[in-house]
Amino acid sequence: MGRTALRWIAAGNAILALAVALEAAHRPRYGGELRVEMRAAIAGLDPGAVSEDPVALGAQRQWMPLVFETLVRLDDHGRPQPWLATSWTHETARKIWIFQVRKNVKLHDGSTWSPASGSITIPDDRPIEHILRELAGARSAIVVKAEDGSLLGTGPFRIARWDAGKSATLVAHDQYWGGRPFLDSISIQMGRSLADQASDFQIGKADAVEIAARDLRAPKQRGTTIATTPPMDTVALQFDGGRVPAQLRQALALSIDRASIHNVLLQKQGEISGALLPKWLTGYSFLFPAERNLVRAKQLVPAPLSLTFGYDRQDAAIRPIAERVAVNASEAGITLRQGTGAADVQLVRLPVTAGDPWLALQDLTALLKAASVPPAASSYENEKALMESSGVIPLFHLPRGWMLSSKVKNWPRFEDVWLDPGAAP
Amino acid sequence: MDATGAGRQQSPPRILLCASFVMIRAVARGFLLLMIVVTARADTLDDAVAALAKKVSARLGAAETVRVTSRNISSLPAADTARAQTALTRALQRRVPNPKQVELALTISENLRGYLLVAEIRRESETMVEMTEFRIAAPVSPPPAAFTMESKLLWEQETPILDIAVLPDSMLVLDAAGLARYERRAGKWDRAAAVEIPVIIRDPRGRLETNADSATIHEPGVKCTVPIRLSAPPQCEEGGRFKAERNTQDLHDWRGEFFASAELGGDTLLAEVDGRIHIHDAAHAPQAVFDGGSDLAVIAACGGRHIALTGNGDTASLDSIALYDLVNRTPVRVSEPVELSGPVTALWPAGEGAVAVARNLSTGKYGAYSLTLDCGR
Amino acid sequence: MARSRGSAVTFRTKLLFISSFMVAGAVALVTGAVSISTRRAFDAIDRERRQALLAQFRDELAARSTEVARRVELAALSRGVQQIAAGAAEYDHAQTEAASAGLDFLDVVEPDLTIISSAHWPARFGYKNDWQIAPDDWHSSDVFLARIPTPEGSVMALTAVRPVAGGKALVAGGRRLSPELLKSLGVAPGMRALLWLPPGEAIGAEGSIADPQKLASLIQAVRTPNGEATGAVQWTSDRSSSEAFLALPITRAGTLTGVLLAGTSLSTQLGLERSILRTGLVVGASGIVIGVLLGWWTTERITRPVERLAAGARAVAGGDLSARVEVLSRDEIGELARAFNVMTEQLLEQRDRAIQAERVAAWRELARRLAHELKNPLFPLQITIENLQRSRESAEFDEVFRESTTTLLAELGNLKTIIGRFSDFAKMPAPQFETVDINEIVRGVMKLNFQLERPNVKPVLELASDGTRIQADPDQLRRALGNLVLNALDAMPEGGTLLVRTALHDWGVRLEISDSGQGLTEEECQRLFTPYYTTKQHGTGLGLAIAQSVVSDHHGKISVSSASGRGTTFTIDLPASQPDPLAPTGETA
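Each value, and the rule that gives it
Each chain has its residues counted from 1, following the order in which its sequence is written. For naming, the first written chain is A and the first written ligand is 1, with later ones following in the order written. Given that this is a predicted model, residues contribute local features only at a pLDDT of at least 70 and side-chain atom pairs are listed and counted only at 80 or more, while totals for whole chains, interfaces and linings are drawn from all residues. Excluded from the side-chain calculation are hydrogens and water; included are all heavy atoms of the structure. Runs of E in the DSSP output that reach at least two residues are strands. Runs of H or I that reach at least four are helices, and both are numbered from the N terminus. We call a residue buried when its accessible area falls under 20% of the maximum for its residue type, exposed when it is over 50%, and partly exposed in between, using a 1.4 Å probe and counting protein chains only. Contacts were defined at the residue level, with two residues in contact if any of their heavy atoms lie within 4.5 Å. For every accessible area listed, the method is Shrake-Rupley and the probe measures 1.4 Å; residues are considered covered only by the protein chains on display. Per-residue confidence from the prediction method is given by pLDDT, with values spanning 0 to 100. Take the accessible area each of two parts loses on contact, using a 1.4 Å probe, and add the two losses: that sum is the buried area. The term salt bridge refers to a pairing of a side-chain nitrogen on Lys or Arg with a carboxyl oxygen on Asp or Glu at a separation within 4 Å. Any pair of nitrogen or oxygen atoms within 3.5 Å is treated as a polar contact; in protein, a donor-acceptor pairing is required on top of that, and neighbouring residues in sequence qualify only through side-chain atoms on both sides. In this count, Pro and Cys sit with the nonpolar residues alongside Ala, Val, Leu, Ile, Met, Phe, Trp and Tyr, while Asp, Glu, Lys and Arg are called charged and the others, Gly among them, polar. Only buried residues count toward a nonpolar core, which is a set of Ala, Val, Leu, Ile, Met, Phe, Trp, Tyr and Cys residues joined through side-chain atoms within 4.5 Å. Residues qualify for a patch when their relative accessible area is over 30% and they have no salt bridge, like charges being joined within 9 Å and the nonpolar side chains of Val, Leu, Ile, Met, Phe, Trp and Tyr within 5 Å. Any two rings among Phe, Tyr and Trp, with Trp reduced to its six-membered ring, count as a pair given centres within 6.5 Å; such a pair is stacked if its planes are under 30 degrees apart, edge-to-face if over 60, and tilted if neither. The rule for a charge over a ring is simple: NZ of Lys or CZ of Arg within 6 Å of the ring centre, and within 35 degrees of the ring normal. What makes two strands pair is DSSP finding at least two bridges between them. Axis definition: a line fit to C-alpha positions, over the contact stretch in the case of helices; interaxial angles, taken between N-to-C directions, run 0 to 180 degrees.

Focus on the overall build of chain B
Here is step 1: In terms of helices and strands, chain B carries 2 helices and 25 strands.
Here is step 2: In chain B, which comprises 377 residues, the proportion classed as buried is 52%.
Here is step 3: Taking all contacts inside chain B whose residues are at least 6 apart in sequence as the whole, residues at least 24 apart take part in 46%.
Here is step 4: Working note: accessible area of chain B is about 16700 Å², and carbon and sulfur atoms make up 50% of it.

This is the structure we're talking about:
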């Protein structure tokens, strides 16, 4: 496949999609370091180490494919496309699938990745769609352990420096099979609050910083670009173990006026939802109710109830939602108060980490510490089962937004991103 | 945007719209569009309905019949919804003695991979769900640019022109100072009369509406009426289509600010302050968003209604106006853009065309242009 | 001083009570008067100071109200609030406007009070404003107190409401009523200002008051039409925690929205009162002690000599005329002691003289009695002898000799009897005590004296039924009793009733011998026990003296009572037991 076609293949798990817009008639330039800042603090990009922090996991899933690639990759329709595997065939006799690996794929140390016999076999104990879906998942990324114990990947960037939770530098993999990226390197500052990121952006210390969903509608400033994704974060209420009975969880869910929060606090960004996965990914999110029914909520609360309530006070989007949730809940007789230690209920952001519902639910199951359920026939049943077992109450799906300096082009396909030094500041 | 892929722009993918789908405002090639409706293989809607009917049938009791209601939350046209409902009803029709009717809510939705038919079988004690995915055949690609839009300079002056109306025997020019009437004499326009209706505001806006006898002027916070020949002072009152002291418009049933608005096919297009065009349906629910300038006008010509949109440039760059059609609420360019000498400061429908005002970056003067369509080219 | 063994109050005790009462009374009066004066003086001063503090408080509150009104008006006119009212601002933009206007609270609301933006509780947009503002106040230009709910709880604030954009919206803003308001007042030491806010919160300069419910009675009092109220509040069990308050209500449309309280600590006043009381107590106690000491010293100076005098008098009464009282002073008491001593000396001399005179009189009486007794037998002796002398030469000499010798022998017998009686009386032996039944002795004597019939005399015995055994010499008792019975019989020559009665007493037995003769005169009674005194024509007159001697030897007492024409009663009191002759005897006074 040519590069043109490849450019249309979704990177990662079809996350961070952006519409194509008008573009300037400039040819990309090689070189430069892209300076990125983000809130998440990632310990590492090892596909086998899954973070328990939702924000960190979401970021990890975003950055990991730059370093560690999979045999197949989901395109923008969620369909598996060849990636490190160029084709796959079924051998009925041996009941295996044989995946032909791409030739001349170089690892980050310059050695050639060459599995035995140039292929990888996988038992055919389940449908190929499932196998391909699984192979596209982050957990199936190709990771080679070097002699010094470091991890080698095949992606367009390699890890030059990683200070867990603080900063990292990715440098271009010159021998990347898909062509060297335009950027020389990407520096990532982690654990930065939105306010600090905005400040750094203003003074030119960063080229790409995150912005809150509600600020996506703010008029763009001169020399900046706002890039957004479809709803990628699920704002939800997560309960601690079985401390809060199902009836009271339902009462809390029914008391929340999502419409007001969406209209005012979120400035109509994102979507109201009662589902864990957004509509663009599943199409059936409307099956999970999200209407407010205060009368019913009051009926479900036999006596005034007080619960400890936790949320990330540094998250400028979460905090006003949490405050509003507390006000709504008080109408149903539920007092949400700050407390120390583990909270009875938390307002969290759960990331949608893949363009496939099953893969996304896998990560959510781990984040919600729910028991893994055997994959049902449909992702709807899987999602429903996960929500019932974890008791989580989704509220909204929010897009992610980035503020980019004008010199950043082709965001966010990092292998295609280039810096235009001539762009107006 | 151009769906053909021709020219220096790449073929933009067909975008399947989500509830809040946002386009990047600057030059970027993205990480990806959500929904490119490129179907190598496609299940038709009919096939999907048949498959769904089979699944639903397996869930029904022996004596149960269904009453089907439907809704569409996808980008498929409304006709598909009716068709799906009819087909499903027919497929689930059965003759049973003492039938017990259950409600079946059919929803046409869509996701990353395509479309989704969702059937909710609602009984008193439970609700069952069945769904089927499908992809429709590749849509008819928008044709190449079918129209040619021509621009013609009508008037040029120093003061910002807000609107212009060309009458059979005169020309009314609404500018930041007021309304002036010009008559053609000896091959040139002479100023015949004027009334002062000053607009002291940055980025002044104004709209001129005329009939046989009078002209109505909308300026920020005020609406004035004046005889068509400007023979009397204007009668002004508070109100009008523009917000007071603002360059945004004021439609009373909308909350929020926007620069321009247009009605097209039951939808309302608003050029909002975020620099994008938002499409809202009749219930004011947001349906789509795409990048565009701050001005738009609907032109009814050549057997259809089209939208003239300005480009994405800022006030310091050249601008252009192109004609678009909305296909599934996605703009598809149907004319070559008309380049202008500078940023467009006003764009209004005028008859079967439009008028546009642009500030000449070189001279600083404001020029009013008429835009017309050549349907044959 | 007579010191009775009973309940009589001594002079010293009376003097002590009187002096103590006088001292205590005087001190109490003085203490009370000083306390009352002190309290009045404090009250007057405190009242003025509280009034001044309240006036200052009111002025400060008015000034802050004006400031709040100004800030809210500015906020209402600000572009930001108008944008909020028009729906053209962020939902939390009120926070910025509140900060700009210097307000703690700011709500921009629709005319129906739906919150458009709230500064202190941004999440409440879309809800109805829940500040405690009366419906009329939403269109009032006044500044008033209102309770405002916040996420942390409700607080009171000075609040004003103003229309925005010609009434299309309303802005309600306020500043919290904080202790800082009270801290800004200059209060004198010991004073403080409080602000009570409904439903029951009170704040002072240092913050919230811990027990606002203790102000309940004051708060209730200000609700009266008069409004102002005063009262004291004791905050803890220690009285010095008390405070006197002057309370003024803050009302709005007839509703109590707050109470201003100016308080003065009563600890100084109470301390002073306690000090006065303590001083009074100390002075009083000291006075009483001094009084006691003085009284003791005084009574010592008076009562001791008096006691000695009394002891001396008792000794004299007991017969010891040699008792003397020591003279220790030259004052009246000393004079009294000296007089007493003189008196006893004179009494002693007089007694000696009386004894001597009595002895002389007794000797004279004895001589007279002897002369009388002896004269009777001697005269016939003389006559007889003379008869013999005359008849010596006559023929009747033998008969005369026989008659004369018979008469001589009879009279000599009488003389012998008389001399025998006197001898018996002179050498009456010491009694030999033994346990005897007095009733038996009485019966024996009566039987002896009524062996011969005495037809006109009726003997009556009224004897005690039991317990009449005493220690006595039976012979001597019979003798004494016999003499008394004989005397009684002799007193009733015409006949009568002879009553002999015995009665038991704690100390012994009482024996009464009563006759119904003609009785004795008083003089006779007085001389009755004198030896040889008799009213009878015959007899030696020793009978009663012997009876008295016997009774005296038995450590008893004999007395007589009589009235002329009504008989005579002799009463003998005999102790039940006699002292051990070997036991040492105490000196008797």
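Digging into the confidence of the model for chain B
Here is step 1: Of the residues in chain B, 83% have a pLDDT of 70 or more, and the chain-wide mean is 81.
Here is step 2: Across residues 1-42 of chain B, confidence stays below pLDDT 50; counting only partners more than four residues off in sequence or on other chains, it has 168 contacts.

Comments concerning the interface of chain C and chain A
Here is step 1: With 8 residues of chain C at the contact, the number on the chain A side is 13 residues.
Here is step 2: For the pair chain C and chain A, the two sides together bury roughly 870 Å², of which 58% comes from carbon and sulfur.
Here is step 3: Looking only at chain C, the three residues that lose the most surface to chain A are Tyr 91, Phe 125 and Tyr 127 of chain C, adding up to 63% of its buried area.
Here is step 4: Counting across the interface, chain C meets chain A through 1 salt bridge.
Here is step 5: Among the salt bridges present, the one from Arg 214 of chain A reaches Glu 90 of chain C, with a minimum N-O distance of 2.0 Å.
Here is step 6: Taken together, the links from chain C to chain A amount to 5 residue pairs in polar contact (both at pLDDT 80 or more).
Here is step 7: The class makeup of the residues in the side of chain C that touches chain A is 5 nonpolar, no polar and 3 charged.

Section: the nonpolar core
A general tendency of soluble globular proteins is for nonpolar side chains to be buried together.
Here is step 1: Ranked by internal contacts, the top residues of the largest apolar core, which has 45 residues, are Leu 237, Phe 309, Ile 321, Val 325, Leu 336 and Leu 347 of chain A.
Here is step 2: When residues of this core are assigned to their parent elements, the largest contribution, 6 residues, is made by helix H9 (residues 318-331) of chain A.
Here is step 3: Not counting residues within four places of it along the chain, the set of residues in contact with Phe 309 of chain A comprises Leu 237, Ala 322, Val 325, Leu 336, Arg 337, Gln 338, Gly 339, Ala 343, Val 345, Gln 346 and Leu 347 of chain A.
Here is step 4: Judged by nonpolar contacts, the second largest core, of 40 residues, contains Phe 57, Val 72, Leu 106 and Ala 193 of chain C.

Focus on a nonpolar patch on the surface
Here is step 1: Residues Ile 290, Leu 294, Trp 296 and Trp 297 of chain C make up a contiguous nonpolar surface patch of roughly 470 Å² in combined accessible area.
Here is step 2: What makes Ile 290 of chain C exposed here is its relative accessible area of 51%.

Digging into the packing of aromatic side chains
Here is step 1: With the rule as written, the count across this model stands at 17 aromatic pairs over all chains.
Here is step 2: Aromatic side chains Tyr 91 of chain C and Phe 125 of chain C sit 5.5 Å apart centroid to centroid with 65° between the ring planes, which places their arrangement in the edge-to-face category. With Tyr 91 of chain C in the loop between helix H2 (79-85) and helix H3 (93-101) and Phe 125 of chain C in the loop between strand S2 (115-118) and strand S3 (143-150), the pair connects residues that are 34 residues apart, well separated along the chain. The pair formed by Tyr 91 of chain C and Phe 125 of chain C is uniform in burial state, with each residue classed as buried.
Here is step 3: Through a chain of ring-to-ring contacts, three or more aromatic side chains come together here, namely Trp 63, Trp 402, Trp 411 and Phe 414 of chain A.
Here is step 4: Just above the ring of Phe 239 of chain A sits the side chain of Arg 249 of chain A; from NZ or CZ to the centre is 5.8 Å.
Here is step 5: Over the ring of Tyr 311 of chain A we find Arg 313 of chain A; its NZ or CZ atom is 4.3 Å from the centre of that ring.

A look at the environment of Asp 104 of chain C
Residue and element names in this part refer to chain C.
Here is step 1: Along the chain, the position of Asp 104 falls in the loop between H3 and strand S1 (105-109).
Here is step 2: In the structure, Asp 104 is positioned 72 residues away from Arg 176 in sequence and 6.2 Å away in space, judged by C-alpha atoms.
Here is step 3: Setting aside anything within four residues of it in sequence, one finds Asp 104 in contact with His 120, Gly 174, Arg 175 and Arg 176.
Here is step 4: At 2.7 Å, the side chain of Asp 104 forms a polar contact with the backbone nitrogen of Arg 176.

Focus on the sheet that holds strand S5 (residues 169-176) of chain C
All names here are of chain C.
Here is step 1: Here 5 strands make up an open sheet; going across it, the order is S2-S1-S5-S4-S3 and the pairing antiparallel. Either end of the sheet is taken by a strand with one partner, and the two such strands are S2 and S3. Neighbouring strand axes in the sheet, compared pairwise and without regard to direction, differ in orientation by 30° on average.
Here is step 2: Relative to S5, S1 is paired through 5 bridges, and the arrangement is antiparallel. In the sheet register, Val 109 faces S5, and the bridge partner there is Leu 170.
Here is step 3: Here helix H1 (residues 11-77) sits on the sheet in contact with S1, S3, strand S4 (153-164) and S5, set at roughly 55° to S4.
Here is step 4: Lying over the sheet, H3 contacts S1 and S2, oriented at roughly 55° with respect to S2.

Considerations on helix H3 (residues 128-136) of chain A
Here is step 1: Taken together, the buried positions of H3 of chain A are Ile 128, Ile 131, Leu 132, Arg 133, Leu 135 and Ala 136 of chain A.
Here is step 2: Residues of H3 of chain A that are buried sit in contact with strand S2 (72-74), strand S3 (80-82), strand S4 (85-91), strand S5 (96-101), strand S6 (119-123) and helix H10 (357-367) of chain A.

Points about the sheet that holds strand S7 (residues 201-204) of chain C
In a beta sheet, neighbouring strands are held together by backbone hydrogen bonds and run either parallel or antiparallel to one another.
Residue and element names in this part refer to chain C.
Here is step 1: Pairing within the open sheet is antiparallel, and its 6 strands lie in the order S8-S7-S6-S11-S10-S9. Every interior strand has two partners, whereas the edge strands, strand S8 (207-208) and strand S9 (229-234), have only one.
Here is step 2: Set on the sheet, H1 makes contact with strand S6 (191-197), strand S10 (242-252) and strand S11 (255-265); between it and S11 the angle comes to about 140°.

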